[in-house]
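Here is how the chains run, residue by residue.
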Amino acid sequence: LSQRLVEDLRGRLAKKPTLSFKEAQVDGGPFPIRFKNAEVQMRLIHYKRIASAASEEALRLLQVELIDRFGLLPDATRTLFRQTRVRLRATRLGIRKIEASAGGATIRFEENPQVNPEALVALLQAEPQTYRFDGRNLRMTADLEESETRFQVIEELIQQLGHTDESAQRAAAR
């Protein structure tokens, strides 16, 4: 019975068009979207909806809608959703910009960021060779060659900066 259900699901998914992207960048650059069997206007509508999601819940609902409509999302599409999720979390903390490359990352803060200062100080003290802070920018030197590693490091850093006592203890324990 379960084998028959799996085969039926595969057949249904194979008939639906899938989303694909030409490129995806972690630094917030453009995301030219190419939908198979869709017009340019449809591509722009979906891009705008993903990029302008107001909350993580709205983003999750949009992702569910697109999966329902087009089938399983390709890696580039999942990357776009993940990047938007990171942007939403960073914006809540007062992070203006995140630039991540193979050699590290720079996080630029707004005038009055909502980060936990104890966590930031603990991070700087625990790893002074990795992190530097100049009042508005947190610079991190690390091997971030793989995009998955970049995402993991940035997501963890945002989580640490947003938490209270737990993040300070975790950063100090490193």
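Computed from a predicted model, the values in this text were never measured in an experiment.

Rules used in this analysis
- Residues numbered from 1 in each chain as written.
- Predicted model: local features only at pLDDT ≥ 70, side-chain atom pairs only at ≥ 80, totals over all residues.
- Heavy atoms only, no water.
- Phe/Tyr/Trp six-rings, centres within 6.5 Å; stacked < 30°, edge-to-face > 60°.
- Helix = DSSP H or I, 4+ residues; strand = E, 2+ residues; numbered from the N terminus.
- Buried < 20%, exposed > 50% of the residue type's maximum accessible area, 1.4 Å probe, protein only.
- Core = buried A, V, L, I, M, F, W, Y, C linked by side-chain atoms within 4.5 Å.
- Contact = heavy atoms within 4.5 Å.
- pLDDT = per-residue confidence, 0-100.
- Expected span 1.5 Å × (residues − 1).
- Axes fitted to C-alpha atoms, helices over the stretch in contact; angles between N-to-C directions.
- Parallel < 35°, antiparallel > 145°, perpendicular 65-115°, else oblique.
- Left-handed = near helix turned anticlockwise from the far one by under 90°.
- Nonpolar A, V, L, I, M, F, W, Y, C, P; charged D, E, K, R; others polar.
- Salt bridge = Lys/Arg side-chain N within 4 Å of Asp/Glu carboxyl O.

## Structural notes on the packing of aromatic side chains
Working step 1: Per the counting criterion, the structure on display carries 1 aromatic pair.
Working step 2: Pairing Phe-109 with Phe-133 gives two aromatic rings, centres 6.0 Å apart and planes at 70°, and the pair type is edge-to-face. Note that Phe-109 is positioned in strand β4 (residues 104-109) and Phe-133 in strand β5 (residues 131-133), a separation of 24 residues in sequence.
Working step 3: With relative accessibility at 4%, the residue Phe-109 sits in the buried group.

## Here we look at the nonpolar core
Working step 1: With 21 residues, the main nonpolar core has Ile-95, Ile-98, Leu-138 and Ile-158 as its most contacted residues.
Working step 2: Put simply, the parts of the chain that give this core at least two residues each are α4 (75-92), β3 (95-101), β4, α5 (117-126), β6 (137-141) and α6 (147-162).
Working step 3: Sorting elements by how many residues they give to this core places α6 first, with 5 residues.
Working step 4: Those residues in contact with Ile-95 that sit more than four places away from it in its chain are Ala-90, Ile-107, Arg-108, Phe-109, Glu-110 and Ile-158.

## Quick word on the confidence of the model for the protein chain
Working step 1: Looking at the protein chain, the pLDDT average stands at 78 and 70% of residues meet or exceed 70.
Working step 2: Taken as a whole, residues 165-174 scores under 50 in pLDDT and shows 20 contacts with residues more than four places along the chain or in a different chain.

## Structural notes on α4
Working step 1: The first and last C-alpha atoms of α4 sit 26 Å apart over 18 residues, in line with the 26 Å expected at 1.5 Å per residue.
Working step 2: Along α4, the positions that sit buried rather than exposed are Thr-77, Leu-80, Phe-81, Arg-82, Gln-83, Thr-84, Val-86, Leu-88 and Ala-90.
Working step 3: Just past α4, the residue Gly-94 takes up positive phi, approximately 85°.

## Considerations on the packing of α4 against α6
Working step 1: With their axes 10 Å apart at the nearest point, α4 and α6 run at an angle of 25° to one another. One element, α4, and the other, α6, form an angle in the roughly parallel class. The crossing of α4 and α6 is left-handed. Of the residues in α6, those in contact with Thr-79, Arg-82, Gln-83, Val-86, Arg-89 and Ala-90 of α4 are Glu-148, Phe-151, Gln-152, Ile-154, Glu-155 and Ile-158.
Working step 2: Taken together, the residues that form the contact of α4 with α6 break down as 5 nonpolar, 3 polar and 4 charged.

## Some details on the pattern of salt bridges
Working step 1: Enumeration over the complete set of coordinates arrives at 12 salt bridges.
Working step 2: Residues Glu-65 and Arg-49 are paired through a salt bridge, measuring 2.8 Å at the closest nitrogen-oxygen approach. Within this pair, whereas Glu-65 is found in helix α3 (residues 56-70), its partner Arg-49 is found in helix α2 (residues 40-51), the two being separated by 16 residues in sequence.
Working step 3: The exposure class assigned to Arg-49 is partly exposed, which follows from its relative accessible area of 33%.
Working step 4: Connected through shared salt-bridge partners, Glu-56, Arg-89 and Arg-92 make up one network.

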